[in-house]
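Listed below are the residues making up each chain.
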Amino acid sequence: MIGKRIRELRRGAKLTQKELSDHLGVSASAVGMYEQDRRMPDIETISVLCGMFNITADYLLFGKGAPSSEGVPADRFLDGIRQQIDRQKGLLYEQLPGNRQRFFSNAEMDKLSDAIYIGAAMALGIQTRKDD
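Residues numbered from 1 in each chain as written. Predicted model: local features only at pLDDT ≥ 70, side-chain atom pairs only at ≥ 80, totals over all residues. Heavy atoms only, no water.

### Focus on unusual backbone geometry
- A positive phi angle, near 55 degrees, is found at Lys14, a position not held by glycine.
- As for its position among the elements, Lys14 is in the loop between α1 (2-12) and α2 (17-24).
- Look at Lys14 and you get exposed, because its relative accessible area is 72%.
- In this model, Asn54 sits at a positive phi of 55 degrees, which is unusual for a non-glycine residue.
- Take Asn54: it is sitting in the loop between α4 (43-53) and α5 (57-62). (Helix = DSSP H or I, 4+ residues; strand = E, 2+ residues; numbered from the N terminus. Buried < 20%, exposed > 50% of the residue type's maximum accessible area, 1.4 Å probe, protein only.)

### Here's the deal with the packing of α2 against helix α3 (residues 28-35)
- Contact pair α2 / α3: the axes reach a minimum separation of 8 Å and the direction vectors enclose 105 degrees. As far as their axial angle goes, α3 and α2 are roughly perpendicular. Taking contact as the criterion, the partners of Gln17, Lys18, Leu20, Ser21 and Leu24 in α2 are, on α3, Ala28, Val31, Gly32 and Glu35.
- Residue composition of the contact of α2 with α3, grouped by class: four nonpolar, three polar and two charged. (Axes fitted to C-alpha atoms, helices over the stretch in contact; angles between N-to-C directions. Parallel < 35°, antiparallel > 145°, perpendicular 65-115°, else oblique. Contact = heavy atoms within 4.5 Å. Nonpolar A, V, L, I, M, F, W, Y, C, P; charged D, E, K, R; others polar.)

Okay, structure coming up:
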């Protein structure tokens, strides 16, 4: 039954399975399996889903209560983006000649994180500390 709620939330947010999977840090097939009740999201994924859709775990897991119609506060959304980028540290790299790779430094990841954060804030039309 959790699958039906995940699908409804995703569709209500006008997200594809791939877009949701990117935000959750899982594969699109994992999202598909969640929605088909063939796989249960782990606790971290449940937490991200609840924050992303501004719902309680009781609603997501058991259908108790009602989902919020308030949407997700911009600061929580931006914090979620920052957390997702932080999880990528040590995974992103630049492809070099000779099939070699140079992994991004923490400073480069911080710059990338800041750029995405500011871009998302601009898209949402809000002022951030980074804009100062």
